[in-house]
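Here is what each chain is made of, one letter per residue.
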Amino acid sequence: MVYDVVIIGGGPAGLTAGIYVKRAMLNALLVEKIGVGGQIIITDLVENFPGFLEISGGDLAMKFEEQALKFGLEIKGLVEVSGIEERGATKIVKTHEGDFETKTVIIATGTTPKKLGAKGELNLIGKGVSYCATCDGFFFRDKVVVVVGGGDSAITEAIYLTKMAKKVIIVHRRDKLRAEKINQEHAFANPKISFVWDSVVEEIAGEKIVGKVILRNVKTNALSEIKTDGVFIYVGLIPNTAFAANVKKDERGFIVVNDKMETSVKGIFAAGDCRVTPLRQIATAVGDGAIAAVSAERYIEGI
Ligand code: NAP
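As a starting point, this report considers the structure included with it. This one's a predicted model, so the numbers in the text were calculated from it and none came from an experiment.

**Comments concerning the state of the cysteines**
Then step 1. Scanning the model with the defined rule gives one disulfide in all.
Then step 2. Through a disulfide, cysteine 132 is tied to cysteine 135; the S-S separation comes to 1.9 Å. Judged by the sign of its S-S torsion, about 75°, the cystine formed by cysteine 132 and cysteine 135 is right-handed.
Then step 3. Since its relative accessible area comes to 8%, cysteine 132 is described here as buried.

**Topic: the pattern of salt bridges**
Then step 1. The tally for this structure, following the rule as stated, stands at ten salt bridges.
Then step 2. Ionic pairing is found between lysine 94 and aspartate 99, a salt bridge with its closest N-O pair at 3.0 Å.
Then step 3. Here glutamate 203 ties to lysine 119 by a salt bridge, and the two come within 4.0 Å at their closest N and O atoms. Here lysine 119 lies in the loop between strand 7 (111-113) and strand 8 (129-130) and glutamate 203 lies in strand 12 (residues 199-205), a separation of 84 residues in the sequence.
Then step 4. Note on glutamate 203: relative accessible area 22%, which makes it partly exposed.
Then step 5. The exposure class of lysine 119 is exposed, given its relative accessible area of 57%.

**Section: the nonpolar core**
Then step 1. Of all hydrophobic cores here, the largest spans 53 residues; its most connected members are Ile8, Ile106 and Ile107.
Then step 2. When contributions to this core are tallied by element, the ones reaching two or more residues are strand 1 (2-8), helix 1 (12-23), strand 2 (28-31), helix 2 (57-70), strand 4 (81-87), strand 6 (98-107), strand 17 (268-270) and helix 6 (282-302).
Then step 3. It is helix 6 that provides the largest number of residues to this core, a total of seven residues.
Then step 4. Excluding residues within four positions of it along the chain, isoleucine 8 makes contact with Val31, Val81, Ile84, Val93, Val105, Ile106, Ile107, Ala108, Thr109 and Phe243.
Then step 5. The next biggest cluster of nonpolar side chains, apart from the first, holds 20 residues, and it includes Phe140, Ala154, Met164 and Tyr234.

**With respect to the environment of lysine 33**
Then step 1. In this structure, lysine 33 sits in the loop between strand 2 and helix 2.
Then step 2. Classification of lysine 33 by relative accessible area gives partly exposed; the value is 45%.
Then step 3. A sequence separation of 193 residues divides lysine 33 from isoleucine 226, and the C-alpha atoms of the two residues are 37 Å apart.
Then step 4. Beyond its immediate stretch of four places on either side in the chain, lysine 33 contacts Leu78, Val79 and Glu80.

Parameters at a glance
- Residues numbered from 1 in each chain as written.
- Predicted model: local features only at pLDDT ≥ 70, side-chain atom pairs only at ≥ 80, totals over all residues.
- Heavy atoms only, no water.
- Disulfide = S-S within 2.5 Å.
- Buried < 20%, exposed > 50% of the residue type's maximum accessible area, 1.4 Å probe, protein only.
- Salt bridge = Lys/Arg side-chain N within 4 Å of Asp/Glu carboxyl O.
- Helix = DSSP H or I, 4+ residues; strand = E, 2+ residues; numbered from the N terminus.
- Core = buried A, V, L, I, M, F, W, Y, C linked by side-chain atoms within 4.5 Å.
- Contact = heavy atoms within 4.5 Å.

From the geometry alone we can't say anything about function, so treat these as descriptive.
Printed below as a string of structure tokens:
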């Protein structure tokens, strides 16, 4: 059987594409490596997606999925894509669960948190080092935690961690945050949050669990230590695009698209955080998903 569309990735972009292609009566399959939802599943609170004053990322993901299922989208979880091959007018989406033949592909695979690269980091993952406050914050009740980074992820997750931890110390490599102004204001106003500016983490140390971080001031090169029970790392994102070897990407691996979400390969579209974009938000991902779906529909009409 040949699908009209195979959507790779079940976050906001992929599920929105799914809703739109099903409403266009296309024969569509969505494959997802883990379960649907994407990065928003590990977001405690979403308050900038219009229509919802406040909603948890998990609840929002469930609503997206429910809506896609209502229109009959076929979703397969635990399917990891290893490549996309071109075969005449169709594409073959290669996975460990077998191959799926399709006229078009929408890549909506999102991103993965970047590792910091500090000494001790990898050995202490799950022993105090974490990339997900909503998953692991619970273990740090009344403890001291360090959050590394100055973007929206670091700041919003630091605010979330103040619900459990007694003290949250944000370590940032500059003296200005990158996060949205409103998030900055909330963090500055939070009495449990303090900042260490112009500093990078040289080492995360501890016997069996995290005990301290060693910092280096980037202006003076002076070293200092902070005793801490946990280190939450939010230093940016890596696109999940390694399998898409044939499409054009930028130097960091984000997929290059035009305003129709067309990639450099005809019939392959990309949407959401995995593409080159000036803004990575749920609102932009759903917009991308809708455009990619309509572009796929028009491409199919054309062939
Ligand atoms: P990001 O915006 O790329 O920020 C990464 C942060 O980590 C920056 O502050 C960066 O410092 C710092 N950093 C990078 N490499 C580092 C290193 N090796 N050592 C120390 N610090 C390092 O990533 P993000 O915060 O994960 O956000 C990703 C996207 O999702 C953004 O578009 C963001 O707006 C969006 N997002 C939005 C919300 C929201 O509530 N609206 C929530 C989460 C994410 P510099 O500032 O010096 O570069």
